[in-house]
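Here is how the chains run, residue by residue.
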Amino acid sequence: MNMSNEKEIMRGVKFFFFSVSAGIIEFASFAFFDTLTQWPYWPKYLIALILSVLWNFTLNRRFTFRSAGNIPIAMFKVALFYAAFTPITTLLGNYLVESLGWNDFLVTIMNMALNLVSEYFYDRHIVFGKTIDTNKSSQRSEE
């Protein structure tokens, strides 16, 4: 295995573990709202998703993709991803829970798994593609 492949495997492993930490934040905050409110599925899911996205973006930008790129532009690109992902998963999740009676935690876990896979490829190629390994810590490790 060459160095480039090893680097990409490590990038994927980092993304996975940071996404798991974001998933814990999402799941815990969803459970918090589920336990303490009588809200329908969608606001609990939406708030939990936003909290996890902010966490995940911050960690993955710094440590996984090691990007020195423009933060507002990267956040805008992430916002575009979630402009499509969020309505689809919120509406579909709400339908599955409220209309079909699916377990809301199961639906949330399914959304989290879909998010993990789709966001990795989007972040890797669209958000950070041209700015990967450009931050100071990346430059120090290359020396």
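Residues numbered from 1 in each chain as written. Predicted model: local features only at pLDDT ≥ 70, side-chain atom pairs only at ≥ 80, totals over all residues. Heavy atoms only, no water.

Some details on the overall build of the chain
What counts here: In DSSP terms, a helix is any run of H or I states spanning at least four residues, a strand is any run of E spanning at least two, and both are numbered starting from the N terminus. Burial here depends on accessible area, computed with a 1.4 Å probe over protein chains only, as a share of the maximum for the residue type. Under 20% is buried, over 50% is exposed, and the range in between is partly exposed. Contacts between residues were defined by any pair of non-hydrogen atoms, one from each residue, lying within 4.5 Å. His is not counted, nor are the chain ends, whereas Lys and Arg count as positive and Asp and Glu as negative. Note on charges: their place is set at NZ of Lys, CZ of Arg, CG of Asp or CD of Glu.
On a plain count of helices and strands, the chain comes out with five helices and zero strands. Its helices and strands in sequence order give the chain the pattern α-α-α-α-α, from N to C terminus. Taking all 143 residues of the chain together, 40% fall into the buried category. Summarising the internal contacts of the chain: among those between residues at least 6 apart in sequence, 78% fall at separations of at least 24. Positive and negative side-chain charges in the chain, numbering 12 and 11 respectively, have mean positions lying 11 Å apart.

So, the nonpolar core
Basically, it comes down to this: To qualify as a nonpolar core, a set must consist of buried Ala, Val, Leu, Ile, Met, Phe, Trp, Tyr and Cys residues joined through side-chain atoms within 4.5 Å.
Grouped together as the largest cluster of nonpolar side chains are 22 residues, with contacts concentrated most on Tyr-41, Tyr-45, Phe-65, Val-78, Tyr-82, Val-127 and Phe-128. Among the elements of the structure, helix 1 (3-36), helix 2 (41-64), helix 3 (71-99) and helix 4 (104-127) are those that each provide at least two residues to this core. Take this core: its biggest share by element is seven residues, from helix 3. Here Val-127 is in contact with Ala-74, Lys-77, Val-78 and Tyr-122, once residues within four sequence places are set aside.

Side note on unusual backbone geometry
Despite not being glycine, Arg-66 has its phi angle at roughly 45°, a positive value. Its place among the elements puts Arg-66 in the loop between helix 2 and helix 3. For Asp-133, which is not glycine, the phi dihedral falls at a positive 60°. Note that Asp-133 resides in the loop between helix 4 and helix 5 (136-142). A residue is classified by how much of its surface remains accessible, and Asp-133, at 19% relative accessible area, is buried.

With respect to the pattern of salt bridges
The following threshold applies: Within this document, salt bridges are pairs made up of a side-chain nitrogen of Lys or Arg and a carboxyl oxygen of Asp or Glu, the two lying within 4 Å of each other.
For the structure shown, the criterion picks out seven salt bridges. Between Asp-133 and Lys-7 there is a salt bridge whose closest N-O contact spans 3.3 Å. With a gap of 126 residues between them, Asp-133 in the loop between helix 4 and helix 5 and Lys-7 in helix 1 connect regions that are remote in the sequence. Residues Arg-124 and Glu-8 are paired through a salt bridge, measuring 2.9 Å at the closest nitrogen-oxygen approach. Of this pair, Arg-124 sits in helix 4 while Glu-8 sits in helix 1, placing them 116 residues apart in sequence. The exposure class assigned to Arg-124 is buried, which follows from its relative accessible area of 18%. A cluster of three or more residues bridged by salt bridges with shared partners is formed by Lys-7, Glu-8, Arg-11, Arg-66, Arg-124 and Asp-133.

Function-wise, these values are silent; they only describe arrangement.
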